[in-house]
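Listed here are the chains, written in short residue letters.
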Amino acid sequence: MRKITRIILTFGLLLLLTAWSVLAAFAQGNDAQIKITQVDNSKFPQVTVYVSVTNAAGEPVGVDPSTIQISENGQVRQPTDVRGGGEVVGGQSIPVTTMLVIDISGSMDKNGKLAAAKDAAKAYVNGMRSGDQAGLITFDTQVYNVQDITSDKSALSNAIDGLKTGSDTAMYNAVLQATKSLEGVSGRKAIIVLSDGMDNQSSSSEDDIVNNVGPSGLTVSAIGFGDPSLGGQAGIDEAGLKTLTSRTGGQYAYVTDAATLNALYQQYGKSFQSEYAITYMSPSALRDGVNRNLTVSLTSAPVSTEGKYNPGGVLPEVPAQSWLLFGGILIGLLVLLFIPMVIGLGSRAIGGGGGRKKGRVKLGGSQSSSAARGRVKIK
């Protein structure tokens, strides 16, 4: 009887633990938010999708990488490589390249804003891991490439320390320049732009930035430093920053004090460092210039997100084996084109010889006759 009781109790305990684990995973899944942050198709048809999994507060949530499922145009793809998760799951971190874009307009000189921005940016740099790198672009009326992309933390910190305020605001010009500076960089790359005012000097627009980034090219995250409820140039362009970040897959938040600004930079950094990189082979290997739809989901929870990328290609590609057929057809057409030309040249060569002979006969006869008639008339 006691043995049966122990078996029942053991079974019940195991059942309770299993139910608790399922409920905990489900609760975590319900709280999780999954997002495609970047798609790297530089080695197409190999595609690498960068994915972040966070909670509602934007903090990284650890998941089993094997539960991340990717579909391209509705076809589930089997990953060839899965990396990332960082310290959240004890996995291998993904190197991140960040372009820090900082507002140095005149208004940043008030209330210690520039000093707070410097401290937050340097704290972000100090949090960089081995393999990470960053660059620095600032803007007022003009755009300044203060520090090229580097992994040298000292160089970055010194560049940040040297910042001084200027005049008006050309934020869109600066962000566009940042996207161009990152074009030759491989792997995960992101832009963090800090601004405390309304753009009033840019010749570039939000559309220019989005078009230059392309579908899922990189993320632009933004921080509004100020009070969004204030109007005019005293406030921040919250609507513009929200739209820009949503269209480029980034994050947006505003802060009003130095401590919150520092914490937000740290949160963005941890979020980047905890992302997952899932690599797979595209089911269609042709660079046809047509957008491919992506769906990323968690098999352990009802959480999913959608995105897209473009493989590039101006002219439609054809499979490699078709080039032999194409070459054979081209050679055949060239032969058919040159056969009439060769026949025509041969005919003209033969006909030209007879013509010259007839010409000599006519010429000789004409001259003889003329000469004879002339001599008779003189007599």
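The structure we're discussing is the one just above.
Bear in mind that the values here come from a model prediction, so they are computed numbers and not experimental data.

Looking now at a nonpolar patch on the surface. Side chains of I329, I331, L333, V335, L336, I339 and I343 sit close together on the surface and give an oily, nonpolar patch of about 680 Å² of accessible area. Tracing the sequence through the fold places L336 in helix α9 (residues 322–378). Given the relative accessible area of 59%, L336 is considered exposed.

This paragraph deals with the sheet that holds strand β4 (residues 75–77). Strand order in the open sheet made by the 4 strands is β4-β3-β13-β14, with antiparallel pairing throughout. Bordering the open sheet on either side are β4 and β14 (303–309), each of which pairs with just one other strand. Direction aside, the axes of adjacent strands within the sheet are offset by 30° on average. Taken together, the 5 bridges between strand β3 (residues 68–72) and strand β13 (residues 292–298) define a ladder with antiparallel strand orientation. Its bridge partner lying in β13, Q69 is registered against S297.

Attention now goes to helix α4 (residues 153–161). Within α4, burial applies to L156, S157, A159 and I160. Viewed end-on, α4 has its buried residues packed into an arc of 160°, placing them on one side of the element. Looking at the buried side of α4, the elements it contacts are α3 (113–126), β7 (133–139) and β8 (143–150).

This part covers helix α7 (residues 238–247). Of the residues making up α7, those classed as buried are E238, G240, L241, L244 and T245. Looking straight down α7, one finds that the buried residues subtend no more than 160° of arc, so they occupy a single side. Seen from the open side of α7, the exposed residues pointing more than 90 degrees away from its buried face are A239 and S246. Those residues of α7 that are buried lie in contact with α5 (171–181), α6 (206–213), β10 (219–225) and β11 (252–255). Following α7 by one or two positions, G249 has its phi on the positive side, about 75°.

Right, let's talk about the packing of aromatic side chains for a bit. In the structure shown here, the tally under the stated rule is 1 aromatic pair. Summarising the aromatic geometry, the rings of Y124 and Y265 are spaced 6.2 Å apart at their centres and angled 70° between planes, so their arrangement reads as edge-to-face. Within this pair, whereas Y124 is found in helix α3, its partner Y265 is found in helix α8 (residues 258–273), the two being separated by 141 residues in sequence. A relative accessible area of 8% places Y124 in the buried class.

Here we take up unusual backbone geometry. The omega torsion of the bond from F44 to P45 falls at 10°, within 30 degrees of zero and hence cis. Of note, the phi angle at N73 is positive, near 50°, even though the residue is not glycine. You can see N73 is positioned in the loop between β3 and β4. The exposure class of N73 is partly exposed, given its relative accessible area of 43%.

Right, let's talk about the pattern of salt bridges for a bit. Tallied over the entire structure, the rule returns 9 salt bridges. Measuring nitrogen to oxygen at the nearest pair gives 2.8 Å for the salt bridge that ties K122 to D161. In this pair, K122 is assigned in helix α3 and D161 in helix α4, connecting sequence segments 39 residues apart. The salt bridge partner of R292 is D288, with a shortest N-O separation of 3.2 Å. For R292, a relative accessible area of 3% translates into the label buried.

The next subject is the sheet that holds strand β9 (residues 188–195). Remark on secondary structure: sheet strands pair via backbone hydrogen bonds, oriented parallel or antiparallel. On the basis of which strands lie adjacent, the open sheet formed by 6 strands has the order β8-β7-β6-β9-β10-β11 and mixed pairing. Both edges of this open sheet fall to β8 and β11, since each of them pairs with a single strand only. Across this sheet, the average inter-strand angle for adjacent strands is 15°, counted without regard to direction. Strand direction decides the pairing type here: β7 and β8, joined by 5 bridges, are antiparallel. Its bridge partner being in β8, T138 is matched across the sheet by Y144. On the sheet, α7 packs against β10 and β11 and is oriented at approximately 160° with respect to β10.

Position of V290 relative to the elements: it lies in the loop between β12 (276–281) and β13. C-alpha of V290 to C-alpha of Y309: the two residues are 19 residues apart in sequence and 8.6 Å apart in space.

Another aspect to go through is the nonpolar core. By size, the foremost hydrophobic cluster in this structure holds 31 residues, and its most contacted members are L100, I102, I192, L194, I223, L261 and Y265. Among the elements that make up this core, the one with the highest residue count is α3 (7 residues).

A few words now on the packing of α5 against α6. For the pair α5 and α6, interaxial distance at closest approach is 9 Å and the crossing angle is 10°. As judged from the angle between their axes, α5 and α6 are roughly parallel. Where α5 abuts α6, its residues Y172, V175, L176, T179 and K180 lie against E206, D208, I209, N212 and V213. Residue classes in the contact of α5 with α6 are distributed as 5 nonpolar, 2 polar and 3 charged.

Reading the values: the criteria
Residues numbered from 1 in each chain as written. Predicted model: local features only at pLDDT ≥ 70, side-chain atom pairs only at ≥ 80, totals over all residues. Heavy atoms only, no water. Patch = residues over 30% accessible without salt bridge, like charges linked within 9 Å, V, L, I, M, F, W, Y side chains within 5 Å. Areas by Shrake-Rupley, 256 points an atom, 1.4 Å probe, with all protein chains shown as cover. Salt bridge = Lys/Arg side-chain N within 4 Å of Asp/Glu carboxyl O. Helix = DSSP H or I, 4+ residues; strand = E, 2+ residues; numbered from the N terminus. Buried < 20%, exposed > 50% of the residue type's maximum accessible area, 1.4 Å probe, protein only. Pairing = 2+ DSSP bridges. Axes fitted to C-alpha atoms, helices over the stretch in contact; angles between N-to-C directions. Arc of directions from axis to C-beta. Contact = heavy atoms within 4.5 Å. Phe/Tyr/Trp six-rings, centres within 6.5 Å; stacked < 30°, edge-to-face > 60°. Core = buried A, V, L, I, M, F, W, Y, C linked by side-chain atoms within 4.5 Å. Parallel < 35°, antiparallel > 145°, perpendicular 65-115°, else oblique. Nonpolar A, V, L, I, M, F, W, Y, C, P; charged D, E, K, R; others polar.

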